[in-house]
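Listed below are the residues making up each chain.
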Amino acid sequence: MIHEETPKNISQTDYDGFLKTMSDWDRTMAQELAYKHDVGQLSDNHWKVIEYVKSYYESYNIGPPVAKIGKTTGLSSKEICDLFPCGTVKGAYRLAGLPRPPGCA
Amino acid sequence: MSDTNVKEKVVNAIKAIKNGPRAGRLYMETCAKCGTCASVCPIYHGKSEKRYNPAERTDLIRRIYRKYCTITGRLFGKWAGAEDFNPEDIEEWRSIFYECTGCRRCATYCPFGIDHSVMTRKGRAILDMLGKTPDTMQKVVDISLETGNTDGANDVAFKAAIEFLEEEMEEEHGIPIKIPVDVEGADYFYVPPSGDVLVNPEATMGLAKVFHILGMADKWTMSSKCFDGANYGLFTGNDGDMKKDNELYVQEAKDLKCKTMLMGECGHAYRIMKMMMEKTGWWGELPFKVENCMEWTADRIKEGHFEFDKSKNPQPVTYHDPCNFGRSCGITEDPRVILQAACADFREMYPNRGENWCCGGGGGLSAMDDIIEFRMEVSGVKKLEQVRDTGAKYIATACSNCKRQLTQLMEHHDEEIDVGGVHDMLSRSILINGKAADRKEYV
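Computed from a predicted structure; not experimentally measured. (Residues numbered from 1 in each chain as written. Chains lettered and ligands numbered in written order. Predicted model: local features only at pLDDT ≥ 70, side-chain atom pairs only at ≥ 80, totals over all residues.)

A. Representation of the sheet that holds strand β7 (residues 394-397) of chain B. Residues and elements named next belong to chain B. Pairing within the open sheet is parallel, and its 4 strands lie in the order β6-β5-β7-β8. Looking along the sheet, the strands with just one partner apiece sit at the ends: β6 (345-347) and β8 (418-420). This sheet shows a mean twist of 30 degrees between the axes of neighbouring strands, independent of strand direction. Where β7 and β8 come together, 3 bridges link them in parallel fashion. Bridge assignment links Y394 to a residue of β8, and that residue is D418. (Pairing = 2+ DSSP bridges. Helix = DSSP H or I, 4+ residues; strand = E, 2+ residues; numbered from the N terminus. Axes fitted to C-alpha atoms, helices over the stretch in contact; angles between N-to-C directions.)

B. Here's a closer look at the interface of chain B and chain A. Counting residues at the interface gives 32 residues for chain B, matched by 20 residues for chain A. Elements supplying a minimum of two residues to the side of chain B that touches chain A: α10 (135-147), α11 (155-173) and α21 (400-412) of chain B. Ranked by the residues each element gives to the side of chain B that touches chain A, the list is headed by α11(B), at 6 residues. Class assignment for the residues of the side of chain B that touches chain A results in 15 nonpolar, 9 polar and 8 charged. (Contact = placed C-beta atoms within 7 Å. Nonpolar A, V, L, I, M, F, W, Y, C, P; charged D, E, K, R; others polar.)

C. The sheet that holds strand β1 (residues 188-191) of chain B, seen in detail. Strand order in the open sheet formed by 4 strands is β2-β1-β3-β4 (chain B), with parallel pairing between adjacent strands. Of all the strands in the sheet, the pair left with one neighbour each is β2 (220-221) and β4 (289-292) of chain B.

D. Examining the domain arrangement of chain B more closely. As far as domains go, chain B holds domain 1 (3-132), domain 2 (146-300) and domain 3 (305-429). Taking only C-alpha atoms, the centre of domain 1 of chain B and the centre of domain 2 of chain B are 35 Å apart. (Domains from an automatic or database assignment.)

E. Structural detail: the nonpolar core. Ranked by size, the top nonpolar core spans 147 residues in total, and within it F189(B) and L339(B) carry the most contacts. With sequence-adjacent residues up to four places away left out, L339(B) is seen in contact with V317(B), Y319(B), F346(B), A396(B), V422(B) and M425(B). (Core = buried A, V, L, I, M, F, W, Y, C linked by C-beta atoms within 7 Å. Buried ≥ 20, exposed ≤ 12 C-beta atoms within 10 Å, placed from the backbone.)

F. Structural detail: helix α20 (residues 381-390) of chain B. When α20(B) is considered as a whole, its buried residues turn out to be V381(B), K382(B), K383(B), L384(B), Q386(B) and V387(B). In the core, the buried residues of α20(B) are packed alongside α4 (42-46), β5 (316-320), α19 (372-379), β7 and α21 of chain B.

G. The packing of helix α18 (residues 333-342) of chain B against helix α22 (residues 422-429) of chain B, seen in detail. All names here are of chain B. Where α18 contacts α22, the two axes come as close as 9 Å, and the packing angle between them is 30 degrees. In this view, α18 runs roughly parallel relative to α22, as classed from their interaxial angle. Read as a crossing pair, α18 and α22 show a hand that is left-handed. Note on element contacts: α22 touches α18 through V422, M425, L426 and S429, opposite P335, I338, L339 and A342. Each residue belonging to the contact of α18 with α22 can be placed in one class, and the counts come to 7 nonpolar, 1 polar and no charged. (Parallel < 35°, antiparallel > 145°, perpendicular 65-115°, else oblique. Left-handed = near helix turned anticlockwise from the far one by under 90°.)

This is the structure:
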């Protein structure tokens, strides 16, 4: 199975799976990271969230307010929690290739 | 840097304690090794190993102090508890000084009043001087000094987030509720904690509602340059970084010509602003005062300005006293006034206030996911027990560090307990035109 191998680009992440360089991101790699961090096979809803987070980051150089993700994608907070059991930041932000958020938040 | 240079620098930094504040000398020269500090330390409670004993940690510095600064140490060496510095120990120091949350619980109970957090900060300052601050911490300092906030966000992102919060409030209450930005001459300049606008939006909304109800929507402002009071120089022990970070906010308060800098729900940010802006602090006399938003809102509640629909917050709610508020700044009653007004079932956690146990993520440790195992299985263990005993389903706390640690702690130990702010609960139940918010679910 594909997720049993560690592709070269995953090695470009830090100890917690956050990408070191955002330009290394591609969809295959996002899927690999999803397997690695127990999110599993990415569904359309996963991609909806990931793509929104990524495009927001490209505009504002920071991830979107968490509440805005649900509002924009039309998903409830429960649905988002179910999609990313490890949390929005560790789930969606990480899979979208955003750098690890520093600081307390 | 050669080993000789490293040794010289470290020894000089420790020798400087002798001519520094009297408290520092007291900590070096007076310790009965009675074990009280260990018995009240959240880290030592989590794992009773010698390296986690506060007195042993301070001894890393004390041994060298004795060697160079006391006659008995010079004459009798190890027999008098003195030992020379070994540059090879630096890597171990790097771990050990970041295994203390600086919560100051030891100082509360120590019969001599020894505050081991001061020596932890001294140890970290020495590491910082050698360029040995852990990367995760240094990154936060660098980003904050570069951008004015620890998220690395710019003014455009901030304004977009504020606009979103205004939309949210309009949907909740059916009327526009403003969050003013960059208004010169506003009485109150609100400085939120790290991430509160971008990640945890409800506290800012709560405060906006308070100003709105009081008819003071034009009396306050936020700043698109300074929207994160966090200051990690406190945690790395680098006074220069701490001052530089602070300076930007002081200047902005002056430029905005505010009368009050209203600090958000962030313990260390408030502590730094409050302490360093004393007349004897860094900046001399300033044209504004510093107040915490919880003090401000609690006073307005006590004056009887607001009504609440407590059924909006039916779940059992407890309050975790952030160490920097409860132990270091004496802000203990105001958050309780707000929570008791806004929630149907408020429960105390015991012990609390100035004797509360640290969440396990203080001293900046919360930002260090590279030591998450330690935070979840050692430093956070006591807090987990305390929270479980309350039966609460929501932990309110007034610190982004605590929130992050507690959220991770609950998830790690499979507890379905939400974590959030104090004004968050107010935002959910305060009445505007006789009606509470038609609330959104936040992830």
